[in-house]
Number of protein chains: 2
Amino acid sequence: MNIVMLGSGNVATHLGKALQLAGHTILEVWSRTYENARILASSLQAEAVADVSEISRQADMYIISVSDDVIADVAALIPAKDKIIIHTSGSAGIEILKPYSSRYGVLYPLQTFSKKQDVDFKEIPLVLEGSSEEVELVLKEMALQLSFNVHFLNSDQRRILHLAAVFACNFTNHLYALADNLLKDHNLKFDLIRPLITETARKVQHNHPESVQTGPAIRNDKKTIDKHLELLRDHPELQEIYKLLSQSIVNLN
Amino acid sequence: MNIVMLGSGNVATHLGKALQLAGHTILEVWSRTYENARILASSLQAEAVADVSEISRQADMYIISVSDDVIADVAALIPAKDKIIIHTSGSAGIEILKPYSSRYGVLYPLQTFSKKQDVDFKEIPLVLEGSSEEVELVLKEMALQLSFNVHFLNSDQRRILHLAAVFACNFTNHLYALADNLLKDHNLKFDLIRPLITETARKVQHNHPESVQTGPAIRNDKKTIDKHLELLRDHPELQEIYKLLSQSIVNLN
C-alpha cells in the first residue's frame, strides 16, 4: 500500500520502519514540526510535507500517530474522504475519526517505544478495530505482515488495555527510576539491580504476578517495612509510595 | 566445604542447590517446620534435622536463611562458636551474628526467588560482607563459584540496595498484578501485556530508566490522565496509586 504518516514521534517512527520492511511504501511524512517530519521521512525514503494542505490524495491509507488531543484536528485536514484513515492511540475511541472518512480504524501497537531503542515488531501485540468488515480485513492483513500477535478489541476494551499498560509499563519504569535514584544517592550502581529487574519480568511470562509476589509486604514483615520507612525519612514522597504499595499488596492477598 | 543450611524457604532452596552444584556438601537442613526441612534435605541428599540441638558440630559453615526476626534466635542455637556463620538477609546487619561466633558474615543474593521457578545463579549479584579478611576470603571464593557477579558492601549499603530492590522488584510485580486484575475484570488476557513487560525491563538494561520513561504523565497529557482516573472510578485504591505515581513521574522530571 501507499501510506502517508501523520506524526513523527516514537510510534510513527517504529511503525513506519516496520511497514516499509513489510514492503509498503511510505509516500509522505507530515508533522507539526517540519524538522521532525524531515528526519523521519529521510529514514523512510519518503517526502516530508510542511503544510497539511499539500498532503497527497493518492495514498491508500493515512496513519495518524499524534497525541490524542489533536487526532481530530489532523484527521480533519486529510484531503481524501474515501481513503482509510487510522489512528494508533490506545485511549482515543475509533469514533473520533468518523467525521473525516467513510473508512476508518485503529491500529494500536501495545509497546513502549523509544526512538533510540530498536524493537522486534514481530512480538508486539497489535490491537485493531475497523469501521467495517472491509476495513478490518485490510487492517488484519497489514497487521499480520508486521506481527504474530494480532487482536481485535473494541474501543472500551482498548482503553482498559492502555490503562493496564500504564501500570505495567510506565509506572513500573518509574519505580526503576526511583530505585536508580536511591542507589545513586548512596553511590551504588544501578547495575546491581538490573538482573533483578530482568528476572522480575521473566517470572511473570509463565506465571500470574500474584502467585510470585515476594518481599516484606507479602510476608507481612512489619519490622522490615518499618526499617525501610525509617531509611526513607528524608524522602517523604518515596515513603508515601512505599506505604501505599505495601498496603495494596496486603489488600490484594 | 561441609555446610548446614538453617531455613528452607526460597533463598535456602536455591542457594542450597547452587552450592551443591558447585561441589559443596550440604550435611544437614534444619527448619522450624520439620516437613519443609525434610523436603529440601531430600532434594540436596542431606539429613533433615528436627531439633536444633542435634545440629552437627562438624560443618565448616552454617547458613541462616530465615526471616530477619529470628536470625539471632537461630544463630544462638548453633553449637560451634568457631565456625563461620552467615546469614542471607538484605536488611539485617552483619553485627546481629557477632554474639554467636568469632567468624561471621553475610551472603545476600539479590534476586527474587520462587520455589517453582528455576534461576541461573551465575547472573545473580551476590553481595558479601565478612567479620574479618579471612572470612571475606572464604566468602569470596565460594561466591565466585556460584556467580560472575560478586560485590562487597557494608551493612548500610546493603540495606539501601535491599530497599531499592523492593521498589524495582516487589512493587513492580505488584503493579503487574494490578494490571492483571484490571484486565481480568474486563475479560482481557494478561498475555496481551506480557511482551510489554519484557520490553520495559529490557529497555533499562542499557539505559537509565529516567531517560526512557514513556506514558501520559511524562507527556503531561492531562486529558488521558483524567480519562484513566474516570475509568478507575470504582477502584479508589488504584486511583490513589495512579495519582501518586503520576505526580511522582512529573516531580522527577
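One can find the structure itself at the top, above this paragraph.
As the structure is a prediction and not an experimental result, all values here were calculated from the model.

Peer 1: With reference to specific residues and values, describe the interface of chain B and chain A.
Peer 2: Listed by partner, the interface residues are 92 residues for chain B and 92 residues for chain A. For the pairing of chain B and chain A, the buried interface totals around 9,000 Å² over both sides, and the portion due to carbon and sulfur atoms is 65%. Where chain B touches chain A, the interface holds zero salt bridges. Across the chain B-chain A interface, the total number found is 34 residue pairs in polar contact (both at pLDDT 80 or more). Mapped onto the side of chain B that touches chain A, the elements with two or more residues apiece are α5 (155–185), α6 (194–203), α7 (222–231) and α8 (236–252) of chain B. When residues of the side of chain B that touches chain A are assigned to their parent elements, the largest contribution, 27 residues, is made by α5(B). Residues of the side of chain B that touches chain A, tallied by class, amount to 44 nonpolar, 30 polar and 18 charged.

Peer 1: Lay out the sheet that holds strand β2 (residues 25–30) of chain A in plain terms, naming residues and giving numbers.
Peer 2: Residue and element names in this part refer to chain A. With mixed pairing, the eight strands of this open sheet are ordered in space as β3-β2-β1-β4-β5-β6-β7-β8. Each having just a single partner strand, β3 (47–49) and β8 (150–152) make up the two edges of the open sheet. The average angle at which neighbouring strand axes cross in this sheet is 25 degrees, direction not considered. Direction of pairing for strand β6 (residues 104–109) relative to strand β7 (residues 126–130): antiparallel, over a ladder of five bridges. Looking at the pairing, L107 lines up with L128 of β7. Packed onto the sheet, helix α2 (residues 34–43) meets β2 and β3 and runs at close to 165 degrees relative to β3. Relative to β6, helix α5 (residues 155–185) is tilted by about 20 degrees, and along the sheet it contacts β5 (84–87), β6 and β7.

Peer 1: Describe the packing of α7(B) against α8(B), naming the residues involved and giving the relevant values.
Peer 2: All names here are of chain B. Across the interface, α7 lies against α8 with an axial gap of 9 Å and an inter-helix angle of 160 degrees. As summarised for this structure, α7 and α8 are arranged roughly antiparallel, according to the angle between their axes. As α7 runs across α8, the sense of the crossing is right-handed. For the pair α7 and α8, the contacting residues are T224, I225, H228 and L229 in the first and Q239, Y242 and K243 in the second. Among the residues making up the contact of α7 with α8, the classes are represented as three nonpolar, three polar and one charged.

Peer 1: Summarise the packing of helix α7 (residues 222–231) of chain A against α5(B); cite the residues concerned and give the values.
Peer 2: The N-to-C vectors of α7(A) and α5(B) enclose an angle of 105 degrees; their axes lie 11 Å apart at closest approach. Relative to α5(B), α7(A) is oriented roughly perpendicular. Contacts from T224(A), H228(A) and L231(A) of α7(A) reach α5(B) at R159(B), I160(B), H162(B), L163(B) and V166(B). Among the residues making up the contact of α7(A) with α5(B), the classes are represented as four nonpolar, three polar and one charged.

The rules behind the values
- Residues numbered from 1 in each chain as written.
- Chains lettered and ligands numbered in written order.
- Predicted model: local features only at pLDDT ≥ 70, side-chain atom pairs only at ≥ 80, totals over all residues.
- Heavy atoms only, no water.
- Contact = heavy atoms within 4.5 Å.
- Buried area = accessible area lost by both parts, 1.4 Å probe.
- Salt bridge = Lys/Arg side-chain N within 4 Å of Asp/Glu carboxyl O.
- Polar contact = N/O pair within 3.5 Å; in protein donor to acceptor, adjacent residues only side chain to side chain.
- Helix = DSSP H or I, 4+ residues; strand = E, 2+ residues; numbered from the N terminus.
- Nonpolar A, V, L, I, M, F, W, Y, C, P; charged D, E, K, R; others polar.
- Pairing = 2+ DSSP bridges.
- Axes fitted to C-alpha atoms, helices over the stretch in contact; angles between N-to-C directions.
- Parallel < 35°, antiparallel > 145°, perpendicular 65-115°, else oblique.
- Left-handed = near helix turned anticlockwise from the far one by under 90°.

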